[in-house]
Amino acid sequence: DQVFVGKETESAESRVAASPETVKKMKALGLDVIVESGAGAGSSIADSDFAAAGATIADAKAVGTADIVLRVRRPSTAEAKRMKSGALLLTQMDPYGNEAALDAFAKAGVTAFAMELMPRITRAQSMDVLSSQANLAGYQAVIEAAHAFGKAMPMMMTAAGTVPAAKAFVMGAGVAGLQAIATARRLGAAVSATDVRPAAKEQVASLGAKFIAVEDDEFKAAETSGGYAKEMSKDYQDKQAALVADHIGKQDMVITTALIPGRPAPRLISRDMLNSMRGGSVVVDLAVERGGNVEGSVAGDTVQVGDVTVIGIANMAGRIAASASLLYAKNLLTFLQTMIDKETGAVSVDFDDELVKATALSRDGALIHPGFGGTAV
Ligand code: NAD
């Protein structure tokens, strides 16, 4: 069977869905791997690196003969039509609110898997693209904030005087937030953090940061069985806003990462709060692509709100593409391995497997995912 790794078509996307290492492993599974010329350029992987790992380099048209297509983002509906009926597509499908686009893949006979729907269970940890990318995004958010911040992060005692440590506040202590806390701590900042899930409290403390939250009864119950946050009541949000308003005026740096699956990002920082911050402060809104945690943040842009710099880099993991691609490629490979018969090397998808059930959107010309326009079979 043939695997095609495409060059991402969105100009802001510098990641790639395979690495020389995963190409070698796919070859070892008996697959033919075709990589589109230039696919790795944004991640410092040359065509020759892929070729040395055993891939054939071709142009975009090669997608038409592939049995398996690996990508970072959902390709265009035009590409869906070029794909072979029955082909498997493993990528981030961005399914929420995009049912019409998903339908194009179903109609083309493509079996599309949305990697972001991978369940958070132990067996699937190594296939969890949200975690691998959020981890790097959390790190990079602090690097970007430090770069925009006109002062030092650590306390520095010098003969010429003492520079105080920067105060950093991380909102949302999931995978990205915890890595942001760890990174800000490594750079010497005094770090505090908040989340609406009670489990986050201990994790924040274990990283040496101060936990700040409204810990009422709603907070104590605010976690789904999948480990995700629930959308909080208006009453809770008001209490949270009051607490944050008080805290935020003392911060130099705020990193927001709060998300709720399938919902717009919760609004955590108002313009008034931004105006209460010290001049020269920096805010990074990691949720900007999903509507933003910060009032006035702009996806893909950095804006000044008064004297505060609000960074709205979309696709933060893409800013550290070489590392992000290695992890993403490994996530895809690990999932793909579950679909290859070890003895024959043939592709066979077990539609009863819980990982497949959770991620497969379309099959045999129809949408099948109950959450996205399909009726489960
Ligand atoms: P996410 O990206 O969905 O959201 C980021 C964080 O924002 C979450 O911690 C969430 O609770 C928080 N948040 C939501 N609304 C908020 C609000 N109003 N105010 C403050 N914070 C708010 O989260 P994630 O990184 O995907 O992690 C979610 C959970 O899944 C965590 O418990 C994490 O440990 C767990 N997880 C488990 C596995 C696994 O077991 N395989 C893998 C990854 C993550």
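Each remark here, short or long, concerns the structure printed above.
Because the structure is a prediction, the values reported are computed rather than measured.

Here is what the cut-offs are and how they apply
- Residues numbered from 1 in each chain as written.
- Predicted model: local features only at pLDDT ≥ 70, side-chain atom pairs only at ≥ 80, totals over all residues.
- Heavy atoms only, no water.
- Phe/Tyr/Trp six-rings, centres within 6.5 Å; stacked < 30°, edge-to-face > 60°.
- Helix = DSSP H or I, 4+ residues; strand = E, 2+ residues; numbered from the N terminus.
- Buried < 20%, exposed > 50% of the residue type's maximum accessible area, 1.4 Å probe, protein only.
- Core = buried A, V, L, I, M, F, W, Y, C linked by side-chain atoms within 4.5 Å.
- Contact = heavy atoms within 4.5 Å.
- Near = heavy atom within 4 Å.
- Polar contact = N/O pair within 3.5 Å; in protein donor to acceptor, adjacent residues only side chain to side chain.
- Areas by Shrake-Rupley, 256 points an atom, 1.4 Å probe, with all protein chains shown as cover.
- Nonpolar A, V, L, I, M, F, W, Y, C, P; charged D, E, K, R; others polar.

Focus: the packing of aromatic side chains
Moving on, step 1. Applying the stated rule across the entire model yields 3 aromatic pairs.
Moving on, step 2. Taking the centre distance of 5.6 Å and the plane angle of 85° together, the rings of F113 and F335 count as edge-to-face. Residue F113 is located in strand β6 (residues 111-114), and its partner F335 is located in helix α11 (residues 321-337); the two are separated by 222 residues in the primary sequence. As far as the burial class goes, F113 and F335 line up, both buried.

Points about the nonpolar core
Moving on, step 1. Residues V170, I181, V191, V204, I255, V284 and M316 are the most contacted members of the largest nonpolar core, which totals 39 residues.
Moving on, step 2. Of all the secondary structure elements, the ones that give two or more residues to this core are α5 (129-148), β9 (167-171), α6 (175-186), β10 (190-194), α7 (199-206), β12 (253-256) and β13 (282-285).
Moving on, step 3. Ranked by the residues each element gives to this core, the list is headed by α6, at 5 residues.
Moving on, step 4. In this structure, I255 is in contact with A141, V142, A145, F169, V170, M171, A180 and V284, ignoring residues within four places of it in sequence.
Moving on, step 5. Formed by 38 residues, the second largest nonpolar core is a distinct cluster that contains A18, L29, L88 and L332.

Thoughts on the environment of V308
Moving on, step 1. Tracing the backbone shows V308 in strand β15 (residues 308-312).
Moving on, step 2. Measuring from C-alpha to C-alpha, the distance between V308 and M277 comes to 7.2 Å, with 31 residues separating the pair along the chain.
Moving on, step 3. Leaving out residues up to four positions away in the same chain, V308 has contacts with L274, M277, R278, S281, V283 and V303.

Quick word on the site of the ligand
Moving on, step 1. Close to the ligand lie 20 residues, the nearest being R120, S131, V175, D195 and R197.
Moving on, step 2. Between an oxygen atom of the ligand and a main-chain N or O atom of G174, the distance comes to 3.1 Å.
Moving on, step 3. With respect to the ligand, the backbone of L259 contributes an N or O atom lying 3.4 Å from an oxygen atom.
Moving on, step 4. Burial of the ligand by the surrounding chains reaches 85%, relative to a free accessible area of 840 Å².
Moving on, step 5. Taken together, the residues of the shell around the ligand sort by class into 9 nonpolar, 7 polar and 4 charged.

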